[in-house]
Structures are given as structure tokens and as C-alpha cells.
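Topology and contacts: notes
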Amino acid sequence: MEKLEEQKRSEKKSEILLEVKNLKKYFPIKAGVFKRTVGWVKAVDDISFFIRKGETLGLVGESGCGKTTTGQTILRLIEPTAGSVHYNGVDLLSLSKRKMKKYRPKLQVIFQDPYSSLDPRMRAKDIIAEGLKSAHIGSRKERYEMVKKYMDRVGLSPLYMNRFPHEFSGGQRQRIGIARALILNPELIVCDEAVSALDVSIQAQILNLLDDLQKDFNLTYLFIAHDLSVVKHISDRIVVMYLGKIVEIANKHELFINPLHPYTKALLSANPIPDPTVKRKDRIILQGDVPSPANPPSGCRFHPRCWMAKPICSQKEPPLNEVQPDHYVACHFWKEMIEQNG
Amino acid sequence: MKSITIEKRGKLRDFIARRKPIIEDWKHTLYLWKSTKLAMIGTVIIVIFILIAIFAPIIVPYDPISSNMSARLQPPSWDHLFGTDQFGRDIFSRVIVGSRIELWIIFLVSLISGGLGTFLGVVAGYFGKFVDEIIMRITDMFLAFPSLVLAMAFAAALGPSLTNTIIAISVVGWTVFARLARAEAMKIKKQPYIEAIRAVGAGNSRIMFLHVLPMCLSPVLVQLTLRMGTIILTAAGLGFLGLGVRPPLPEWGSMVSDGRSYLVAQWWISTFPGIAIAFVVLGFNFLGDGIRDIMDPRLRR
């Protein structure tokens, strides 16, 4: 019986909810009196991935690698330069603005900073009900009843519904943000560094809440973060980005045990272990800084900092290939990496 | 059952607790107000001005419009506190009734120019790009003229009357508010909460008028108070030049103008309305400065 359910769930999981193909977002660099475009910042440069129904896809990378831009482009909060985002088979990027409005409730977002993401002049109940009001759902009374229900569900007392954002703590504010997204009954929630601005203890509470909500509401998460331990805790699969490109996609266990891209390996080795007695020998210190996304290196973008780089790396850009089942990597030397991982 | 009683008891306490920071804030504002002397003086002058305007029909001893040739050009006395003009009208009565006209002009001009300016400014700042370019270039065109000259041109083109004075001053004055509101809107639209509101599906007009506009109002209101003195001066200037309110109506500027040719022998005709203008303009300037200082976050706390 249990097995059957498990099987059913995995079948459901294999269904693809969102597919991103060749997504690009270039920001123009303008200079001079006449605001001539003198170059482009390639924030997101030709990335493709998919999210299965019901899973949590972690998206990691260092600051400025295009994680947030990816999330914003999927939600069409900023317009992409090229590419497609298929949600249940519908290309969101080709929809008109009016048609896109219909899909907005289905794709929601939780923001990083719980202090600036809530309108300081609105009461908690109005912030949470904003989406319902915009979509003209329910009467005033019905909306507030729903607000009460969802506040309760995210762990806020409905007695606080008349308070203003400044009267809440950071964790409580983030719960308001979650309730605001949840009340629209979404399928996909983009958590854009949703816990990065919170204390570690509060982080754990919010992560557990997100976990519970996923089960109860059948949610799919795109979890953007820079903290690997957080991503490891919550994700099913992990996408690693570097300078606007995806370098590796894998199941989280696979990624942590068998990273096939040198950058992933360096990133994992930089993850702190909260134990002072552990002496780490395997730490990989990368040389140099992240190059500018306005003028990325030729070939593989990681080659100037890579300890495994060979001449081919600066000439030919490695494509993102599925080298093992469900394990994608963009490196010429993934076979050598397997040997190294031993 | 238990939870209900807690909820009921909690309601009143919650109500007070919730408003406590707001009450404290107001107390602090009042304290700053009292300690800023100029703001207090300004407030007193403006309150007196408004009270006089409200109770004008009760205060006036004589009819301010109809002429009385037997009592013309009388100097100030107990009968005629400010004297009489060349048509024998009591100047004190005319100054008192004139306050109503000035107040009416200030009110309508503030409403029209403040409203128009804020609306256009928010639209320009929110949409940016070419909408912004068009609106701001129009604003620049208005700002390129000296404001009194432009107001004169409008008043002359429309013909002298109270309504046209108000229109002329409003058309000249909205640019300041448009620039202010635009700057504020540009700042606010970049806030993450605006992005959050867009993500839950709110449209442009909803975001613009329900979320961006309210945040733009407080600097606009401060500026409006500061501009009220200028509004009176412009109205009086137009009146003085004969482009403003028509003669029988006791507008202060035109009253100063009326006494012009008698100034050497009968000084009181021009002087008293002039003093009234000076006091009210001073009052508004003090009040505006005071409000600006009180709102200044560096002064607060």
C-alpha cells in the first residue's frame, strides 16, 4: 500500500511543471549624454533547466551570478532578452500582459528582505489580501476570513491582522510574505533568498514552515540561495550557476558526493562545517575574483580560476550535457572529475 | 470558550497598545511644534486668518461693496478703523471680507495645482521612459517662464475674474509639485514591496494610485504649505495689475492698487490691505518652514 503511494508520488514528481529554455537576460550599459548603449551585462546567458511538479529545485551561486535575475525573469517581473519559460505547456514569455495576469497567482514569490518587501503604510491584513483584491476575488468579509485562515496557517495570530509591518519581527514579517503568496493558491513559489536575511534560529523555523506547506498545498519551489547548507536541507535537486551560466545540475545527494564541475567542488569545499575540531585539508581556494559579466572570459567562463584548465577551456565553451542519469554538467573534463572523486 | 474571553479582553488592550506608537509620535510632533517658535507664530497667524475668513459676515461693521459718497476718503477713526476709500467704503470691512476671497483662492489653487502636479508627477515617475520625457519637457517649458509673467499672460488671455485668476495661478504653479512627486515616485517604484505587489498580480493603475501615490503625498503637502504665501502674492500681484479679481470685489491686491493715486495724502487706502497681505504671507512662510523642520528626520529624535 505504502509502496503504491510512493510510486504514485514519484510518478507525479516526474511530471514537468516548468521548463526554462535558452533563457537570456542582458542589461544594457549606457554611457554618454545621449545614453548610447555601449555594452551588455549578460546577467543570465542562455540557461535551460526544468522543475518537476512537487519538487524543490535549489539554485545556488555566488553574488552576481544571475540567480535572482533568473527568478525574476521566470515570473516576468523583468522582461527577458530571449528564451522561453513553459509552465504546464504554456509559454509564459510570449503571453500578453493581460493574459499573464491570469497566471500570476499560480506563480508566486517570497522575497529576501522581509523589511522592504512589505508596504510600510498597509496593515498586515491588507498586505496579505492584496492579491485577492487585485484579482477581485471574494467580498471584503470573505477576503479577511481567508486572511485569518492563512495567517493561522503560517503561524501568525489572526489577532495581529490590524498591525503595521514595523510592529512585527523579521521572522513574522517573512511569514506575512509567505501568507501573501500562499493565499493565491499558487503551484510554484520562487523563494528568492527567502531566509538569507533571518537569524539562524528563525531560518530553521521558516524552512520547516516551507517544508510543511509544500506537503499540505502540493507546492513546487524554486529555492534561490547562496547558503549551501540551507539548500541541502530543503532541495531535491540543485542547479549551480556561475557568471550567468549553469555549470551543473544534479540530485542533491549526487551533487554533494560526486560534484563533476570544478566550480561546484570549490563551492562545496567552502561550505563551513560547524565543528572547530574538524581540520579540513580538502579546501579549495579559488584564485582571483569573479570576472565581470559585461565582459566574460572566452570558452568556459570558469577557466581563468580553474585549477584543471587546459588550452581547450579558453577556446571551446563546454555544453551542458547529461553525463549520468539526471546529472548535467558543463565541463570538458567531467570524466577526470569522476576519477578525482574516486 | 476560553479563547473567546481572551480575545474580548485583549481587544481593548490591543487597541491601545496598537495605537501607542502613533499617539507617542503625535505627542512628539506637538512638542517639536511648540518648541519651534516661528512655526507657532505662523500657526497663530494662519488660525486667526482662517477664523476671520469664517466669521467675516459677523465681524464686518459696514457693507464692503456699496459706495457711500458722503463718507469718502476719511482717515482711520473709531467709526472707520482703517478709514474709507475714494467711494466711501469702509476699508476694515473690505479687508475682512477680502480674507474670504484670499482663502478661497488658496484653497482652490492648492487643490488644482497640487492635484494636477502630483498626478502628472507620479505618472511620469512611475512609467519613466518616454512618458516621463514628454511630461517633464512640458514642465520645463512652464518653468522656463518667470511665473508671474506667465500668470499675467494667462490672466490677460482669459480676462480678469476670480475664476480666471485661480486658473492662471494653478496653471503656473503645478510644475513644482510635478517635479517633487516624480522624484518621490521614482524612488518608491524601485522598492521591493512594489515588485512584491506586482508579483501578486496588481496592475499598473492599482500600484500607482494605491501604493505609490500615498507615499508621495507628505513632501507635496509640505511644499504646498510653503507655496501658499507665493499663491497669495501672485493673486495680489495680478489684482494690483488689474488682471485679477474685478474691482467691486475686495481682493487685497486690487485694493492696494485702488489707493495708488491717493497714496501721498490718503495713505490708509493702500496700507491696510498691504499689511494684511504681508501678515498672511509671513504666517504661511513661517508655518511652511516650521512643518518642513518638524518633518525633517534629522531633527526628529
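In this text the structure is predicted, and so the values were computed from the model without any measurement.

**Overview of the overall build of chain A**
The number of helices and strands found in chain A is twelve helices and twelve strands. C-alpha atoms of chain A, sized along the principal axes, occupy 65 × 60 × 40 Å. In chain A, buried positions account for 39% of the 342 residues.

**Let's talk about helix α8 (residues 204-240) of chain B**
All names here are of chain B. A rise of 1.5 Å per residue sets the reference length of α8, with its 37 residues, at 54 Å; its end C-alpha atoms lie only 46 Å apart and thus fall more than 12% short of the reference. A maximum bend of about 45° is found in α8 at L213, where proline P214 lies one to four positions downstream. G242 sits one or two residues past α8 and shows a positive phi near 80°.

**Details of the confidence of the model for chain B**
When pLDDT is averaged along chain B, the result is 83; 91% of the residues meet or exceed 70. Interface confidence in the predicted complex, given as ipTM, is 0.80; pTM for the same model is 0.77.

**Description of the sheet that holds strand β5 (residues 90-91) of chain A**
Residue and element names in this part refer to chain A. The antiparallel open sheet is built from four strands, whose spatial order is β2-β1-β4-β5. Single-partner strands in this sheet number two, and they are β2 (36-52) and β5. Bridging between strand β1 (residues 16-31) and β2 involves twelve bridges; their strand directions are antiparallel. Directly across from A31, in β2, lies its bridge partner R36. Packed on one face of the sheet, helix α2 (residues 67-74) meets β1, β2 and β4 (82-87) and runs near 75° to β2.

**Some words on the domain arrangement of chain A**
All names here are of chain A. In terms of domains, chain A is made up of domain 1 (14-235) and domain 2 (259-342). On a C-alpha basis, the centroid separation for the pair domain 1 and domain 2 is 29 Å. In this complex, domain 1 contributes ten residues to the contact, which on the side of domain 2 involves seven residues. Among the elements that line the side of domain 1 that touches domain 2, the one with the most residues is β2, at five residues. Residue classes in the side of domain 1 that touches domain 2 are distributed as five nonpolar, three polar and two charged.

**Looking at the pairing of strand β9 (residues 237-242) of chain A**
Looking along a regular strand, one sees the side chains alternate between the two faces of the sheet. All names here are of chain A. β9 sits mainly inside the fold: six of its six residues count as buried. In β9, alternate side chains face the same way, and those of R237, V239 and M241 on one face and I238, V240 and Y242 on the other are all buried. Here four bridges tie strand β3 (residues 56-60) to β9, and the two strands are oriented parallel to one another. Directly across from V60, in β9, lies its bridge partner V240. Pairing geometry for β9 and strand β10 (residues 245-251), over six bridges, is antiparallel. Counterpart to I238 in the pairing with β10 is A250. Hairpin connection of β9 to β10: two residues between the antiparallel strands, including L243 at a positive phi of 55°.

**Quick word on the interface of chain A and chain B**
On the side of chain B, 20 residues touch chain A, which itself brings 23 residues to the contact. Contributions of two or more residues to the side of chain A that touches chain B are made by β6 (107-110) and α4 (124-134) of chain A. Here the side of chain A that touches chain B gets three residues from one element, more than from any other, and that element is α4(A). In terms of residue class, the side of chain A that touches chain B is made up of nine nonpolar, six polar and eight charged.

**Section: the packing of helix α2 (residues 37-59) of chain B against helix α10 (residues 268-295) of chain B**
Residue and element names in this part refer to chain B. Between α2 and α10, the shortest axis-to-axis distance is 7 Å and the interhelical angle comes to 135°. Classified by the interaxial angle, the pair formed by α2 and α10 is oblique. Where α2 crosses over α10, the handedness of that crossing is left-handed. Along the contact surface, α2 presents L38, A39, I41, G42, T43, I45, I46 and F49, while α10 presents F279, V280, L282, G283, F284, F286, L287, D289, G290 and I294. Among the residues making up the contact of α2 with α10, the classes are represented as 13 nonpolar, four polar and one charged.

**What about the pairing of β1(A)?**
All names here are of chain A. Here β1 folds back onto β2 in antiparallel fashion, the turn holding four residues, of which G32 has a positive phi close to 85°. Looking at chain direction, β1 and β4 are connected through five bridges and run antiparallel. Among the inter-strand pairings, L18 is bridged to a residue of β4, identified as Y87.

**So, the environment of A:V60**
Residue and element names in this part refer to chain A. Inspection of the secondary structure assignment puts V60 in strand β3. Residue class for V60 comes out buried when judged on the 26 C-beta atoms lying within 10 Å of it. Taking the C-alpha atoms as reference, V60 lies 5.4 Å from A225; in sequence the two are 165 residues apart. Residue contacts for V60: discarding those within four places in its chain leaves A225, H226, L228, V231, I238 and V240.

**Topic: the nonpolar core**
Within the largest apolar cluster, 150 residues are counted, with the highest numbers of intra-cluster contacts made by A:I128, A:A179, A:F223 and B:V212. Ranked by residue count, the leading element in this core is α8(B), at 15 residues. There are two domains that each give this core at least three residues, and those are domain 1 (14-235) and domain 2 (259-342) of chain A. For A:F223, the contacting residues outside a window of four places in its chain are A:T56, A:L57, A:G58, A:L59, A:C191, A:V231, A:I234 and A:S235.

**Regarding the sheet that holds β9(A)**
Residues and elements named next belong to chain A. Judged by pairing direction, the sheet is mixed, and its eight strands sit side by side in the order β6-β7-β8-β3-β9-β10-β12-β11 without closing on themselves. Taken across any chain shown, the strands that pair with only one partner, and hence form the sheet edges, are β6 and β11 (321-324). Pairwise comparison of adjacent strand axes, ignoring direction, gives a mean angle of 25° for this sheet. For β3 and strand β8 (residues 220-224), the ladder comprises four bridges, and the chain directions are parallel.

**Remarks on helix α10 (residues 262-269) of chain A**
Those residues of α10(A) that sit buried are A:P262, A:Y263, A:T264, A:K265 and A:L267. Along its buried surface, α10(A) packs onto α8 (228-234), β9, β10 and α9 (252-257) of chain A.

Cut-off values and rules
- Residues numbered from 1 in each chain as written.
- Chains lettered and ligands numbered in written order.
- Predicted model: local features only at pLDDT ≥ 70, side-chain atom pairs only at ≥ 80, totals over all residues.
- Helix = DSSP H or I, 4+ residues; strand = E, 2+ residues; numbered from the N terminus.
- Buried ≥ 20, exposed ≤ 12 C-beta atoms within 10 Å, placed from the backbone.
- Expected span 1.5 Å × (residues − 1).
- Bend = angle between axes of the 7 residues up to and from the residue.
- pLDDT = per-residue confidence, 0-100.
- Pairing = 2+ DSSP bridges.
- Contact = placed C-beta atoms within 7 Å.
- Axes fitted to C-alpha atoms, helices over the stretch in contact; angles between N-to-C directions.
- Domains from an automatic or database assignment.
- Nonpolar A, V, L, I, M, F, W, Y, C, P; charged D, E, K, R; others polar.
- Parallel < 35°, antiparallel > 145°, perpendicular 65-115°, else oblique.
- Left-handed = near helix turned anticlockwise from the far one by under 90°.
- Core = buried A, V, L, I, M, F, W, Y, C linked by C-beta atoms within 7 Å.

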